[in-house]
Amino acid sequence: MSRTTSRTIVCLHHLTTEQEAQIREAAPEFKLILGKAKEIDPAIIQEAEILIGWSRGLEAAALHENSKLRWIQSWSAGIDKMPLEQLADRNIVLTDASGVHAIPITEMIFGLLLAHTRYIHTSGQHQWQRQWSPPASELGEIRGKTMLIVGVGEIGSETARIASSFGMRVLGIRRSGKSVQHVDHMYTMDGLYDALAQADVIVNILPYTEETHHWFDERAFQAVKPGSSFINVGRGSTVKTKALIQALEQGTLAYAGLDVFEEEPLPAEHPLWSMDNVLITPHIAGSTDRYSERVLPIFLENLQDYIKGQTPQRNYVDYSKKY
């Protein structure tokens, strides 16, 4: 790729021809360049005024003293691995993709939950051994059980809606404590231990910040209702892994469905792999073949603000809060 001097938008992700046309129509004064992060010339990144997506490999170019970068539209909702302090120092606006994961992650949550409650996880293990092994006791139901959603945002709101459809009682935790439809009672972050004591199913959707680091630690797992299930589709480092393993070994937790981990990929020798009451998926809860069609409208809405000389507002990241 050759160096360009025109106003430039660089997209690091695949777009359909129609989606490319939407961007060009919305911003005709910009040149749109598409390329994979590992293939794109760093000089192009330095010239980019707008960047769609992020890669650690392009950090030096994006933060170079001669960089023209003014706005990054993250392709993901999680921005904890980005150099937030450096971006803030350079006054680079950051918007994320919050909201695009609500449907696939909600489906994953209930997949992980039902795999346990309906004996699907264990049956799958028996299938590989060609064993016909019905459960030793009658199976339970999630109807009438209490689900606690920790970190109620757009994903949590959709999860609450589906849980309500299943006939579950729903508790929620969010910083503001503001009520949400389908959540029967909302707590602030200070209400964690009271809420854990009531929950049959705990769903962690917390983002990762300094405040939420090891939010689920020994004290938290000691507060849970004995025999409850724990689903983690948030961030791995919000959970202290040793405390989680201890709770599973002691039976405080009956089951854990885990999509995220403190260390990824999870090492082959890690004890979680060999635990019968754990179901592991490789950080795929947010994966969907409809991703770009959901994230592009966020970018296009923000692009209209940017072209007007305004700060993009949809999913604007407050660097002081790190979300």
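Remember, predicted model here, so these are calculated numbers, not experimental data.

Colleague: So what about the sheet that holds strand β12 (residues 278-280)? Which residues, and what values?
Modeller: With respect to topology, seven strands assemble into an open sheet ordered β8-β7-β6-β9-β10-β11-β12, the strand pairing being parallel. Both edges of this open sheet fall to β8 (185-187) and β12, since each of them pairs with a single strand only. Strand-to-strand, the axes of this sheet are offset by a mean angle of 15 degrees, without reference to chain direction. Judged from the five bridges that link them, strand β10 (residues 228-232) and strand β11 (residues 253-258) form a sheet pairing that is parallel. By the bridge assignment for β11, Ser229 is matched with Tyr255. Contacts from helix α5 (residues 102-117) reach β6 (146-150), β9 (201-204), β10, β11 and β12 within the one sheet, and its direction differs from that of β11 by about 145 degrees.

Colleague: Give me the nonpolar core: which residues, what numbers.
Modeller: Val150, Leu196, Phe216, Phe221, Phe230, Leu244 and Leu272 are the most contacted members of the largest nonpolar core, which has 34 residues in total. Only β6, β7 (169-173), α8 (192-196), α9 (218-222), α10 (241-250), β11 and β12 provide two or more residues apiece to this core. Looking at which element gives the most residues to this core, the answer is α10, with five residues. For Leu244, the residues in contact, after removing those within four places along its chain, are Phe221, Phe230, Val239, Leu253, Ala256 and Leu258. Judged by nonpolar contacts, the second largest core, of 27 residues, contains Phe110, Leu113, Val170 and Val183.

Colleague: Please give an account of unusual backbone geometry that cites residues and values.
Modeller: Residue Pro265 is bonded to the preceding Glu264 through a cis peptide linkage, with omega at -5 degrees. Looking at where Pro265 falls in the secondary structure, it is placed in the loop between β11 and β12. We note that Asn91 has phi near 60 degrees; this positive angle belongs to a residue other than glycine. A positive phi angle, close to 50 degrees, is found at His214, a residue other than glycine.

Colleague: Before we move on, could you go through the pairing of β10 and cite the residues and values that matter?
Modeller: By the criterion of burial, β10 is predominantly enclosed, with five of the five residues buried. Across the two faces of β10 the burial is the same, with Ser228, Phe230 and Asn232 and Ser229 and Ile231 all buried. Sheet analysis places β9 next to β10, joined by four bridges and oriented parallel. Each bridged residue has a counterpart across the sheet, and for Val203 the counterpart in β10 is Ile231. Handedness of the crossover joining β10 and β11 through α10 is recorded here as right-handed.

Colleague: Got a sec to walk through the pattern of salt bridges? Specific residues and values, please.
Modeller: Under the counting rule described, the total for this entry stands at 11 salt bridges. Here Glu158 makes a salt bridge to Arg161, at a shortest N to O gap of 2.8 Å. With Glu158 and Arg161 both in helix α7 (residues 154-165), this residue pair falls three residues apart, about one helical turn. For Glu158, a relative accessible area of 18% puts it in the buried group. A salt bridge links Lys225 to Asp200; its shortest N-O distance comes to 2.8 Å. Taken together, the positions of Lys225 in the loop between α9 and β10 and Asp200 in the loop between α8 and β9 put the pair 25 residues apart, joining distant regions of the chain. Overall, Lys225 belongs to the partly exposed group, its relative accessible area being 29%.

Colleague: How would you sum up the packing of helix α1 (residues 17-26) against helix α11 (residues 291-307)? Please name residues and give values.
Modeller: Two elements in contact, α1 and α11, have axes separated by 10 Å at closest approach and are oriented at 10 degrees. Comparing the axis directions of α1 and α11 gives the class roughly parallel. Packed against α1, whose contacting residues are Gln19, Gln22, Ile23 and Ala26, the element α11 presents Ser292, Glu293, Leu296, Phe299, Leu300, Leu303, Gln304 and Ile307 at the interface. Looking at the contact of α1 with α11, its residues break down into seven nonpolar, four polar and one charged.

Colleague: Before we move on, could you go through the side chain of Glu47 and cite the residues and values that matter?
Modeller: By the secondary structure assignment, Glu47 is in helix α2 (residues 42-47). At 2.8 Å, the side chain of Glu47 and the side chain of Lys68 are in polar contact.

Colleague: With reference to specific residues and values, describe the packing of α5 against α7.
Modeller: Two elements in contact, α5 and α7, have axes whose closest approach is 9 Å; the angle formed by their N-to-C orientations is 50 degrees. One finds that α5 runs oblique with respect to α7. Crossing angle aside, the handedness with which α5 passes α7 is right-handed. Residue-level inspection shows Ala102, Ile105, Thr106, Ile109 and Phe110 of α5 in contact with α7, the latter providing Glu154, Ile155, Glu158, Thr159, Ile162 and Ala163. Residues that form the contact of α5 with α7 fall into these classes: seven nonpolar, two polar and two charged.

What counts and what doesn't
Residues numbered from 1 in each chain as written. Predicted model: local features only at pLDDT ≥ 70, side-chain atom pairs only at ≥ 80, totals over all residues. Heavy atoms only, no water. Pairing = 2+ DSSP bridges. Helix = DSSP H or I, 4+ residues; strand = E, 2+ residues; numbered from the N terminus. Axes fitted to C-alpha atoms, helices over the stretch in contact; angles between N-to-C directions. Contact = heavy atoms within 4.5 Å. Core = buried A, V, L, I, M, F, W, Y, C linked by side-chain atoms within 4.5 Å. Buried < 20%, exposed > 50% of the residue type's maximum accessible area, 1.4 Å probe, protein only. Right-handed = clockwise from strand over helix to strand, strands pointing away. Salt bridge = Lys/Arg side-chain N within 4 Å of Asp/Glu carboxyl O. Parallel < 35°, antiparallel > 145°, perpendicular 65-115°, else oblique. Nonpolar A, V, L, I, M, F, W, Y, C, P; charged D, E, K, R; others polar. Polar contact = N/O pair within 3.5 Å; in protein donor to acceptor, adjacent residues only side chain to side chain. Left-handed = near helix turned anticlockwise from the far one by under 90°.

Interpretation in functional terms is not warranted from these geometric data alone.
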